[in-house]
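Survey of secondary and tertiary structure
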Amino acid sequence: MGAGWDLRLDTWRLGWSDSIDGFRPHPADPDCVDHFWLPVRVPGDVVSAWVEHGLLEHPYFGYQDQKARALEQRVWWYRTTFRLEQQPAARERMWLEFGGIDTYGVVWLNGLELVTTQNQFVPLSLDVTDHVHPGENVVCVRLDPISLHVAGKRLHQWAGFAKERAWVRKAQMSWGWDWAPRLVTAGLWQPVWLRRRRSGRIQSLHLRTRQVTADGRWAVCVVEAEVDWWDPAPGRLRLELVDADGRVVWSGEQPATPERVACEVSVDHARLWWPHDLGEPYLYTLRGALMDASGDVVDRMERRVGIRTLQLRTERDGEAVFTFEVNGVPVFAKGANWIPVDCLYASAPDARYEQLVRLAKDAHMNMLRVWGGGIYERDLFYDLCDQHGILVWQDFMFACAQYPDYNEAFMASVRREVDAAIRRLRGHPCLVLWCGNNENDWLYEMLVASGGADEPLYGRRIWHELIPQRLAELDPDTPYWPSSPYGGNDHNSAEAGDRHNWQVWHGHVYPRRFGEPERINHSVEGVSFKHYAEDTARFVSEFGMHASANRYTLARWLPEDALRWGHPALDYRNKDFHPEKGRLLMAGYTGEPRDFDTYLAYSMLTQAEGLRFGVEHYRRRRPATSGALIWQLNDSWPGTSWSIVDYHLLPKAAYYYARRFFRPVLWSLQVYQGQSVRLWGINDTRQPVRGRIRVEVRDWDGRCLFASDLDAVLDPCSAKPLAEWSEAELVAGADPRDVVLLVQPVDAPGPRQVSYLRDHREMRWPDCTLRWHVNTEAGTLTVETDRHARFIELAWGQPAIVCDDNFFDLPAGERVTLNVVSLTGDPVRWEALRVHALNARRDG
């Protein structure tokens with residue numbers, strides 16, 4: 001850029017002291033010698049820096065997270081330099097920009113104190129035009145222990161995991177959660193830039209869709225831009241909308257003024273943006289060029305945008321619903337909750353985002369909920385969701401706590417945070433909902449009703465007043481929901497709004513009404529996933545159950561002797577309260593595990609079958625139910641949790657099940673044990689589906705006991721029952737414990753389904769023999785079995801391996817060939833592969 005430049009400051013030095021005045025000379029002094037400080041990269045965090053330089057064992061190994069707590073009390077100093085050839089010229093300005101400082105700190109430039117910080121989520125843009133000079137310039141940042149800033153603060157009656165966190169605008173899971181250890185990090189967690197511009201700069205640019213014709217042939221949009229212009233001479237802002245082939249479909253010019261610029265755009269033959277299961281997520285490029293009076297371009301900005309309409313419908317024909325409509329088409333939201341990709345999120349590589357979003361799409365997920373106890377994610381995450389057609393439900397970062405909304409300094413900081421988040425994320429076509437918080441309204445009302453609190457719900461001003469006011473000004477097009485869950489005669493009711501179904505796993509007793517105390521049933525029956533069949537929720541934004549991480553992941557972070565069922569170090573991986581819930585779930589479906597190997601298998605099988613049971617139930621309820629978001633997609637550390645992809649990006653069994661139960665077209669068997677089986681057809685696409693379906697019942701040796709062919713017709717975006725058979729008719733005299741049900745599309749879309757007439761622990765599984773061989777050149781694995789094989793696992797000795805299928809059942813006499821890839825591009829270590837089934841005679 002001829003009139004400006006951007007310099008990324010990514011190489012720094014890191015020092016530390018026990019007190020604020022622990023260095024002489026002061027680190028902000030240009031004469032301070034930092035030669036013996038640690039060289040570090042920014043973005044980053046101090047824990048990762050100490051691990052990298054060998055000063056701290058990795059906090060994920062064993063109990064080492066306890067040692068990392070000592071770092072919370074240190075004062076941290078970041079220092080870097082940059083050189084300028086000359087002073088900024090007339091009409092030039094320079095800024096020092098911090099994408100995010102974690103958390104309480106002070107910034108100096110050339111010994112001048114510029115700003116203090118107190119909110120991790122507020123970016124800083126500091127005008128340093130008058131504070132830089134030719135030659136070497138020194139930037140210094142001090143980060144204080146959080147304890148210094150919360151000392152003496154009133155701690156309210158409720159804030160899960162750590163009461164002091166409610167005062168600190170930082171990722172709330174830093175103090176630990178029920179799936180993560182406590183790791184209260186510090187650092188420059190977002191990029192740092194030095195920028196120079198002449199005459200003016202573009203501060204924001206986004207597209208709003210006003211109207212789209214039913215056939216999509218014509219769209220009316222509005223381009224909005226914000227410009228900072230300081231040149232006395234007038235300037236111009238040129239705008240272009242460019243299609244994917246590089247053709248300019250619209251252009252216009254406006255005077256460059258320090259006000260919001262809005263231009264109406266008409267697009268003929270518009271290509272609409274769709275979630276990937278409904279169509280193509282087509283993206284245009286919106287370009288802005290800021291020109292001075294002589295026509296020279298002084299700044300540019302561009303971003304990918306999509307043309308699409310959006311509505312959140314909460315009522316239809318007098319009935320409560322919670323349905324997202326994109327381009328007028330109702331969407332069944334299939335997806336998961338997204339938590340930070342690492343407890344040390346500042347140091348996580350971009351590739352981790354690319355891999356996780358790709359895994360979500362490959363599992364046919366069309367929505368991810370960015371959970372409110374983590375972070376507003378990197379730009380890369382939203383860009384990837386735009387590209388892959390994945391809708392984003394975006395929480396604001398408030399979770400499970402009262403927040404001091406009576407404190408005006410705190411509220412001023414929150415307002416800056418809210419404005420920054422809205423300005424950065426608005427305009428992404430993937431963004432379909434802003435949500436005020438996670439579980440605050442629901443849990444606090446239940447806590448009060450149960451006698452656990454008698455204070456007001458501090459924080460209500462944030463999500464019931466401040467946030468909706470700021471959205472009305474900055475992003476009026478995106479729907480807002482004040483909390484999750486919210487709606488109905490209990491904030492977590494099934495009758496309206498969205499629900500978090502924690503009857504399964506946590507044992508909540510439903511239904512509940514406002515004012516009634518919380519009721520918990522921690523028993524085999526109380527936590528059973530069979531309760532999903534009772535749920536009439538309009539939209540389920542959280543539900544799930546635990547499963548172990550894969551063996552490789554646990555072995556990487558635990559001592560060898562800890563790989564035993566019941567070992568304290570293995571139990572330490574589970575951060576949930578009442579850890580017996582996992583044992584109760586397994587007892588009800590698989591039976592309790594005997595050892596470490598059966599624990600791995602039984603916990604994964606129970607999670608997979610339980611989520612399948614729940615998701616298929618919710619999908620069969622369409623249109624009364626319009627969404628099912630699993631808690632949770634990913635892990636932030638190598639633990640035991642609700643995730644379906646473990647920390648080392650090895651999918652658990654539930655992930656491979658999700659590749660089937662989230663398919664846009666699904667043939668679902670609803671089993672009424674001891675009575676009957678009903679076949680459903682589910683079609684989440686915009687086109688009708690026609691085809692032949694074959695339903696079979698086979699014994700363990702592959703003999704067909706029952707077969708029925710059906711010609712199915714499904715309307716777009718619909719679900720309906722197709723047929724029903726009595727159990728006696730299906731088994732034809734055989735024992736229901738000795739047969740398998742198969743649904744096989746003959747000339748119709750959708751995956752083959754394998755089901756059983758009894759729970760796993762009641763079945764009489766045969767002994768089977770597996771055979772397999774590897775084609776290393778093709779990158780494939782072929783598996784075959786003599787008799788019916790239950791839950792075949794391909795266990796890998798390296799991270800990030802994904803197959804066409806895993807943890808699958810294989811009927812007698814069949815073989816399957818699977819493609820195997822490494823998400824990281826590393827060679828597959830075939831020699832470390834272990835193939836086994838729960839009922840195999842031998843494995844390897």
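Located above this text is the structure these notes cover.
The structure reproduced in this document is the subject of the present report. (Residues numbered from 1 in each chain as written. Predicted model: local features only at pLDDT ≥ 70, side-chain atom pairs only at ≥ 80, totals over all residues. Heavy atoms only, no water.)

Digging into the overall build of the chain
- Each helix and strand counted, the chain has 14 helices and 44 strands in total.
- Computed over C-alpha atoms, the radius of gyration of the chain comes to 28 Å, within 12% of the 28 Å expected from 2.2 N^0.38 for 844 residues, which places it in the range of a compact globule.
- Along the longest, intermediate and shortest principal axes, the C-alpha atoms of the chain span 90 × 65 × 65 Å.
- Across the 844 residues in the chain, those meeting the buried criterion constitute 63%. (Helix = DSSP H or I, 4+ residues; strand = E, 2+ residues; numbered from the N terminus. Rg over C-alpha atoms; globule rule 2.2 N^0.38 Å. Buried < 20%, exposed > 50% of the residue type's maximum accessible area, 1.4 Å probe, protein only.)

Re the side chain of R165
- Among the structural elements, R165 can be located in the loop between helix 3 (146-150) and strand 11 (187-188).
- Lacking a salt bridge, the buried R165 has E164 as its closest oppositely charged neighbour, with an N-O distance of 7.9 Å.
- In terms of polar contacts, R165 uses its side chain to reach the backbone carbonyl oxygen of G160, at 2.7 Å.
- Within polar-contact distance, the side chain of R165 engages the backbone oxygen of A399 at 3.0 Å.
- Residues in contact with R165, not counting those within four places in the same chain, are A159, G160, Q172, W175, W177, A399, C400, A401 and Y403. (Lys, Arg positive; Asp, Glu negative; His and termini not counted. Salt bridge = Lys/Arg side-chain N within 4 Å of Asp/Glu carboxyl O. Polar contact = N/O pair within 3.5 Å; in protein donor to acceptor, adjacent residues only side chain to side chain. Contact = heavy atoms within 4.5 Å.)

A closer look at helix 4 (residues 350-362)
- With 13 residues, helix 4 extends 19 Å from end C-alpha to end C-alpha; this agrees with the ideal 18 Å at 1.5 Å per step.
- By the burial criterion, the buried members of helix 4 are R352, Y353, Q355, L356, V357, L359 and A360.
- Of the surrounding elements, those touching the buried residues of helix 4 are strand 23 (333-338), strand 24 (367-370), helix 5 (379-388), helix 13 (653-661) and strand 41 (801-803).
- In the segment just after helix 4, H364 is the residue with positive phi, at about 65°. (Expected span 1.5 Å × (residues − 1).)

Observations concerning the pairing of strand 12 (residues 192-198)
- Here strand 12 lies mainly inside the structure; six of its seven residues are buried.
- As defined by bridge partners, strand 1 (residues 5-8) adjoins strand 12 across four bridges and the pair is classed as antiparallel. Bridge assignment links R8 to a residue of strand 12, and that residue is W193.
- The sheet contact formed by strand 5 (residues 92-98) and strand 12 spans seven bridges and is antiparallel. Within strand 12, the residue paired with F98 across the bridge is V192. (Pairing = 2+ DSSP bridges.)

Section: the environment of S450
- Mapped onto the fold, S450 is located in the loop between helix 7 (440-449) and helix 8 (460-474).
- According to the relative accessible area criterion, S450 is partly exposed, its value standing at 38%.
- Remark: the alpha-carbon pair of S450 and P517, spanning 67 residues in sequence, is separated by 4.3 Å.
- A polar atom in the side chain of S450 sits 2.9 Å from the backbone oxygen of M446.

A few points about the side chain of R758
- Topologically, R758 is positioned in the loop between strand 37 (753-755) and strand 38 (770-775).
- Polar contacts involving the side chain of R758 include one to the side chain of E727, which spans 2.9 Å.
- Leave out the neighbours within four places in its chain, and R758 touches Q673, G674, E727, P736, R737 and M763.

Regarding the sheet that holds strand 38
- The strand order 38-39-43-41 describes an open sheet built from four strands, whose pairing is antiparallel. Looking along the sheet, the strands with just one partner apiece sit at the ends: strand 38 and strand 41. With strand direction ignored, the average angle separating the axes of adjacent strands in the sheet is 25°.
- One ladder, built from five bridges, connects strand 39 (residues 780-785) with strand 43 (residues 815-822); its direction is antiparallel. Note on strand 43: the bridge partner recorded for T782 is T817. (Axes fitted to C-alpha atoms, helices over the stretch in contact; angles between N-to-C directions.)

Notes on the sheet that holds strand 40 (residues 789-795)
- What the three strands build is an open sheet, ordered 42-40-44; its pairing is antiparallel. The open sheet has two edge strands with one neighbour each: strand 42 (808-810) and strand 44 (834-836). Strand-to-strand twist in this sheet, taken as the mean axis angle between neighbours without regard to direction, amounts to 30°.
- The pairing of strand 40 with strand 44 spans three bridges and is antiparallel. Note that in strand 44 the partner of E793 across the bridge is H836.
- In this fold helix 12 (residues 596-620) packs onto strand 40 and strand 44, with an angle of close to 110° to the strand it touches most, strand 40.

Side note on the packing of aromatic side chains
- Counting across every chain of the model gives 56 aromatic pairs.
- Ring centres 5.5 Å apart and planes at 85° place the aromatic pair Y532 and F543 in the edge-to-face group. Remark: F543 occurs in the loop between strand 29 (540-542) and helix 9 (551-557) and Y532 occurs in the loop between strand 28 (499-500) and strand 29; sequence separation between them is eleven residues.
- Given the relative accessible area of 0%, Y532 is considered buried.
- Aromatic ring contacts, followed pair by pair, group F121, W189, Y345, Y376, F396 and W434 into a single cluster. (Phe/Tyr/Trp six-rings, centres within 6.5 Å; stacked < 30°, edge-to-face > 60°.)

Details of the pattern of salt bridges
- On inspection of all chains with the given rule, the structure shows 74 salt bridges.
- Close ionic contact of R460 with D441 constitutes a salt bridge, the shortest N to O distance being 3.7 Å. Pair noted here: R460 is in helix 8 and D441 is in helix 7, with a separation of 19 residues, a long-range link.
- For R622, the salt bridge goes to D684, with nearest N and O atoms at 2.6 Å. Remark: D684 occurs in the loop between strand 32 (676-683) and strand 33 (689-699) and R622 occurs in the loop between helix 12 and strand 30 (627-630); sequence separation between them is 62 residues.
- Given a relative accessible area of 9%, R622 falls into the buried group.
- Where salt bridges share partners, they join R208, E224, E226, R260, R423, R426 and D477 into one cluster.

Remarks on the environment of Y756
- Within the fold, Y756 resides in the loop between strand 37 and strand 38.
- Between the C-alpha atom of Y756 and that of L833, which follows or precedes it by 77 residues, the distance is 29 Å.
- Ignoring anything within four residues of it in the chain, the contact list for Y756 reads V671, W700, V739, V740, L741, M763, W765, H788, R790 and D809.
- In terms of polar contacts, Y756 uses its side chain to reach the side chain of H788, at 2.8 Å.

A short note on the packing of helix 4 against helix 5
- Interaxial distance between helix 4 and helix 5 falls to 10 Å at its minimum, and their mutual angle equals 30°. Here helix 5 runs roughly parallel to helix 4, going by the angle between their axes. Both helix 4 and helix 5 take part in a crossing whose hand is right-handed. Judged by residue contacts, D350, Y353, E354, V357, R358 and K361 of helix 4 engage L380, F381, L384 and H388 from helix 5.
- In terms of residue class, the contact of helix 4 with helix 5 is built from five nonpolar, one polar and four charged. (Parallel < 35°, antiparallel > 145°, perpendicular 65-115°, else oblique. Left-handed = near helix turned anticlockwise from the far one by under 90°. Nonpolar A, V, L, I, M, F, W, Y, C, P; charged D, E, K, R; others polar.)

Looking at the pairing of strand 13 (residues 200-212)
- Burial runs high along strand 13: ten of the 13 residues are buried.
- Summarising the sheet, strand 13 and strand 14 (residues 218-229) pair through eleven bridges and their orientation is antiparallel. Within strand 14, the residue paired with L207 across the bridge is V223.
- The hairpin formed by strand 13 and strand 14 contains five residues between the paired strands, and G216 there has a positive phi angle of roughly 75°.

What to know about the packing of helix 6 (residues 408-425) against helix 8
- As a packed pair, helix 6 and helix 8 sit with axes 10 Å apart at the nearest point and diverge in direction by 40°. In terms of their interaxial angle, helix 6 and helix 8 are classed as oblique. Classified by chirality, the crossing of helix 8 by helix 6 is right-handed. Within the contact between the two elements, helix 6 uses E408, F410, M411, V414, R415, V418, D419, I422 and R423 and helix 8 uses R461, I462, L466, I467, R470, L471 and L474.
- When the residues that make up the contact of helix 6 with helix 8 are grouped by side-chain class, the tally is ten nonpolar, no polar and six charged.

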